[in-house]
Amino acid sequence: MSIGKQVFSRSLFLFHLGGSACNNCDIEIIDALTPRYDLERFGITAVGSIRHADIILLSGIFNKKSAIRVRRMYEQAPKPVIVIAIGGCACTGLIFQDSYNWDVPVGDYIPIDAYVAGCPPNPEAIIAAITQVVDKLRTPAKAGADS
C-alpha cells in the first residue's frame, strides 16, 4: 500500500471502457463528470487513452470476444491502476446473464478493485466509490494492530 501513497498522490486520470449494455451506466458516469457533480474537484479528470489512465471504469457486459480486448487494454494501462466495475451488468451480468452475449462477470477477466452496484448507480455512488478506493490507497497501512 505504500506504493499507492507515492503513485496516487497527484491528480488522477480516469478512462471509461464500456461493454455491451443499455448505456444507462455510461450516462451516469458522464453525469459524474459534469459541473453538477464535478468529479474534477477531487483532481480526477477523464482521458482518451488507456495509456494515461490511473483509474479504469468498466460498464456493461463483456463477452468472450471483448474479454480479449479488455485484457489487452488492461495490460496497456500503467501500473498500478485502479479498476472499478460500474453497474449491475459489469458486476454480475444482471439481466444479460441468460443472454447468448454474456459469458462471465468482467472480474473473471481482470482484477477489480471495487464494485458499484445499481441499475444504473447514481453519480454520487460512483464518485463515492472512486474517492474511497483512492483514499484507501493513499493512506499508509498501519505497521501493527493497536488494540
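As a reminder, the structure under discussion sits directly above these lines.
Residues numbered from 1 in each chain as written. Predicted model: local features only at pLDDT ≥ 70, side-chain atom pairs only at ≥ 80, totals over all residues. Heavy atoms only, no water.

> I'm lost on helix α2 (residues 24-33) in this one. Help?
Note on helix geometry: an α-helix contains 3.6 residues per turn, so any two residues three or four positions apart are oriented the same way. For α2, the full list of buried residues reads Cys-25, Asp-26, Glu-28, Ile-29 and Ala-32. Seen end-on, α2 carries its buried residues on one side only, within an arc spanning 165°. Each element contacted by the buried residues of α2 is listed here: β1 (12-18), β3 (55-59), β4 (82-86), α4 (87-92) and α5 (123-138). (Buried < 20%, exposed > 50% of the residue type's maximum accessible area, 1.4 Å probe, protein only. Helix = DSSP H or I, 4+ residues; strand = E, 2+ residues; numbered from the N terminus. Arc of directions from axis to C-beta. Contact = heavy atoms within 4.5 Å.)

> Help me understand the state of the cysteines, please; the structure alone is not making it clear to me.
Put plainly, two cysteines are in a disulfide when a covalent bond ties their sulfur atoms together. Scanning all chains against the criterion turns up zero disulfides. Summary of cysteine pairing: Cys-89 is not part of a disulfide, and the nearest cysteine sulfur, belonging to Cys-119, is at 5.8 Å. (Disulfide = S-S within 2.5 Å.)

> Just checking my understanding: could you explain the nonpolar core for this structure?
Where a protein is soluble and globular, its nonpolar side chains tend to be buried together. Counting 22 residues, the largest nonpolar core has Ile-55, Leu-57, Ile-84, Ile-86 and Ile-130 as its most contacted members. Mapped onto this core, the elements with two or more residues apiece are β1, α2, β3, β4, β5 (114-116) and α5. Among the elements that make up this core, the one with the highest residue count is α5 (seven residues). Excluding anything up to four places from it in sequence, Ile-86 contacts Cys-25, Ile-29, Leu-57, Leu-58, Ser-59, Gly-60, Val-116, Pro-121 and Ile-126. Among the nonpolar cores identified, the runner-up in size contains 20 residues, and Leu-58, Ala-77, Val-83 and Ala-90 belong to it. (Core = buried A, V, L, I, M, F, W, Y, C linked by side-chain atoms within 4.5 Å.)

> Before we go on, may I ask you to explain the sheet that holds strand β2 (residues 44-46) in this structure?
Through backbone hydrogen bonds, the strands of a sheet pair up, either in parallel or in antiparallel fashion. Spatial ordering of the open sheet is given by β2-β1-β3-β4-β5, a layout of five strands whose pairing is parallel. Edge positions in the open sheet fall to β2 and β5, since each of these has one partner strand only. The mean angle between the axes of side-by-side strands here comes to 25°, regardless of whether they run parallel or antiparallel. Sheet topology places β1 next to β3; five bridges connect them, and they run parallel. Following the sheet pairing, Gly-18 is matched in β3 by Ser-59. Here α5 sits on the sheet and contacts β1, β2, β3, β4 and β5; the angle it forms with β4, its principal contact strand, is near 155°. (Pairing = 2+ DSSP bridges. Axes fitted to C-alpha atoms, helices over the stretch in contact; angles between N-to-C directions.)

> What should I look at first to understand the packing of α2 against α5 in this one?
Packed helices, taken two at a time, are described by their axes: the angle between them and the distance between them. Look at α2 against α5: their axes get within 8 Å of each other, and the N-to-C directions meet at 70°. Here α5 runs roughly perpendicular to α2, going by the angle between their axes. Contact residues: Glu-28, Ile-29, Asp-31 and Ala-32 in α2; Pro-123, Ile-126 and Ile-127 in α5. By residue class, the composition of the contact of α2 with α5 is five nonpolar, no polar and two charged. (Parallel < 35°, antiparallel > 145°, perpendicular 65-115°, else oblique. Nonpolar A, V, L, I, M, F, W, Y, C, P; charged D, E, K, R; others polar.)

> What's the story with the environment of Leu-39 in this structure? I'm lost.
Along the polypeptide, Leu-39 turns up in the loop between α2 and β2. Taking the C-alpha atoms as reference, Leu-39 lies 9.9 Å from Ala-128; in sequence the two are 89 residues apart.

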